[in-house]
Amino acid sequence: PGREVSWPQAFKYITIGDAGVGKSSLLLQFTDQRFQPELNPTIGCDFSMRIVNIDGKPIKLQIWDTAGLELFRSFNKSFYRSAAVAILVCDITRRETFDHVAGWLDDAVEAAPANLTTILIGNKCDLDSRRTVSYEEGENFAKAHGLFFMESSAKTAQNVEEAFTMAARTVCKKI
Ligand code: GDP
């Protein structure tokens, strides 16, 4: 009596966005604290997890990385099902990846739960001199669509931890 076993609560995260924006690299940096320039392309669906501590409570993040989804753009509803967080990534050095963000958002709105927490990430901010998307553009798009916004670098780890844990904190507040 009095002995309580509590399992960590689990949140499903999905990463979406064009091929090459750094989704797998962000995931590797978050789960393994490393950057691997020649990362093998994900085939199918990659799955990683990490337990984070949110206000003293362990939360298990189960993160699904989409490869293929961005290539065929075939809409896999099971991928979005029961997702709590979408990490929507664009590459600040490749303008077209930002132009496609609205389309990714449409897919998520159509297939994901209505209370999905979405964070827009402008990745590769270490390549500031090659940027073709300004910080303000990213921020304004996010504001207009009710998303969080951050710029990150999977290479230097800037804002990687912050983005994933901030989303978890937001989900905790919603439930
Ligand atoms: P994905 O297709 O969206 O999963 O993208 P990847 O994670 O495979 O990354 C695509 C390419 O961009 C790879 O060559 C990565 O090494 C590189 N890359 C990813 N993130 C960053 C970053 O933050 N900065 C820089 N300089 N390169 C990155």
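For the structure, see preceding data.
Residues numbered from 1 in each chain as written. Predicted model: local features only at pLDDT ≥ 70, side-chain atom pairs only at ≥ 80, totals over all residues. Heavy atoms only, no water.

## Some details on the pattern of salt bridges
Put simply, the rule is: One side-chain nitrogen of Lys or Arg within 4 Å of one carboxyl oxygen of Asp or Glu is enough to make a salt bridge. For the purposes of this entry, the term helix denotes a DSSP run of H or I that reaches at least four residues, the term strand denotes a run of E that reaches at least two, and both are numbered from the N terminus.
For the coordinates displayed, the defined rule picks out nine salt bridges. A salt bridge links Asp 99 to Arg 95, with the shortest nitrogen-to-oxygen separation between them at 3.7 Å. In this pair, Asp 99 and Arg 95 are both assigned in helix α4 (residues 95-99), four residues apart and thus about one turn of the helix distant.

## Some points on the site of the ligand
Stated precisely, the cut-off is as follows: Being near a molecule or strand, for a residue, comes down to having at least one heavy atom within 4 Å of it. N or O atoms closer than or at 3.5 Å make up a polar contact, with two conditions inside protein: a donor-capable atom paired with an acceptor-capable one, and, for residues adjacent in sequence, both atoms drawn from side chains. Working definition of accessibility: Shrake-Rupley area with a 1.4 Å probe, residue cover restricted to the visible protein chains. Following the grouping adopted for this structure description, the nonpolar residues are Ala, Val, Leu, Ile, Met, Phe, Trp, Tyr, Cys and Pro, the charged ones are Asp, Glu, Lys and Arg, and the polar ones are all others, Gly among them.
Taken together, 18 residues lie around the ligand, and Gly 20, Lys 23, Ser 25, Asp 126 and Ala 154 are the ones closest in. One nitrogen or oxygen atom from the main chain of Gly 22 is found 3.0 Å from an oxygen atom belonging to the ligand. Here an oxygen atom of the ligand and a backbone polar atom of Pro 37 are 3.1 Å apart. For the ligand, whose accessible area on its own is 580 Å², the fraction buried by protein is 80%. The greatest single-element share of the shell around the ligand, amounting to three residues, is contributed by helix α1 (residues 23-32). Of the residues contributing to the shell around the ligand, the split by class is six nonpolar, six polar and six charged.

## Looking at the nonpolar core
When a protein is soluble and globular, its nonpolar side chains tend to lie buried together. Convention followed: Note on terminology: a nonpolar core comprises buried Ala, Val, Leu, Ile, Met, Phe, Trp, Tyr and Cys residues joined through side-chain atoms within 4.5 Å. Relative accessibility thresholds used throughout: buried, under 20% of the residue-type maximum; exposed, over 50%; partly exposed, between the two (1.4 Å probe, protein chains only). Here a residue-residue contact requires only that any non-hydrogen atoms of the pair lie within 4.5 Å.
Within the largest apolar cluster, 26 residues are counted, with the highest numbers of intra-cluster contacts made by Phe 11, Tyr 13, Leu 61, Ile 87 and Phe 164. Listed by contribution, the elements that provide at least two residues to this core are β1 (9-16), α1, β2 (45-54), β3 (57-66), β4 (85-91), β5 (117-123) and α7 (160-174). With seven residues, α7 is the largest single contributor of residues to this core. Excluding anything up to four places from it in sequence, Ile 87 contacts Tyr 13, Ile 14, Thr 15, Ile 16, Ile 119, Ile 121 and Phe 164.

## What to know about empty space enclosed by the protein
Cut-off, in case you're wondering: Two kinds of site are reported from a 1 Å grid over the protein atoms alone, namely cavities, where a 1.4 Å probe fits but cannot get out, and pockets, open sets with protein on both sides within 12 Å along at least five of seven lines, and residues are called lining when an atom falls within 4 Å of a point. Grid points are joined across faces, edges and corners, and a volume is the space filled by probe spheres set on the points.
Scanning the entire structure with this criterion turns up one cavity of 30 Å³ or more. If you go around the largest cavity, the residues you meet are Cys 90, Ile 92, Phe 98, Leu 120, Gly 122, Val 133, Ser 134, Gly 138, Phe 149 and Glu 151. For the lining of the largest cavity, the secondary structure elements donating two or more residues are β5 and β6 (148-151).

## Some remarks on the pairing of β5
Note the cut-off: By the convention used here, strands pair only if DSSP detects at least 2 bridges between them. By definition, the crossover connecting two strands over a helix is right-handed if that path, from the first strand to the second, turns clockwise as seen with the strands pointing away from the viewer.
Counting buried positions along β5 yields seven of seven residues, so the element is predominantly enclosed. Both faces of β5 are covered, namely the face carrying Thr 117, Ile 119, Ile 121 and Asn 123 and the face carrying Thr 118, Leu 120 and Gly 122. As paired strands, β4 and β5 are joined by seven bridges and run parallel to one another. Bridge pairing links Ile 87 to Ile 119 in β5. By the bridge criterion, four bridges tie β5 to β6 in an arrangement that is parallel. Bridging across to β6, Ile 119 finds its partner in Phe 148. With helix α6 (residues 135-144) bridging β5 and the parallel β6, this β-α-β connection has right-handed handedness.

Treat this as a map of the structure, not an account of what it does.
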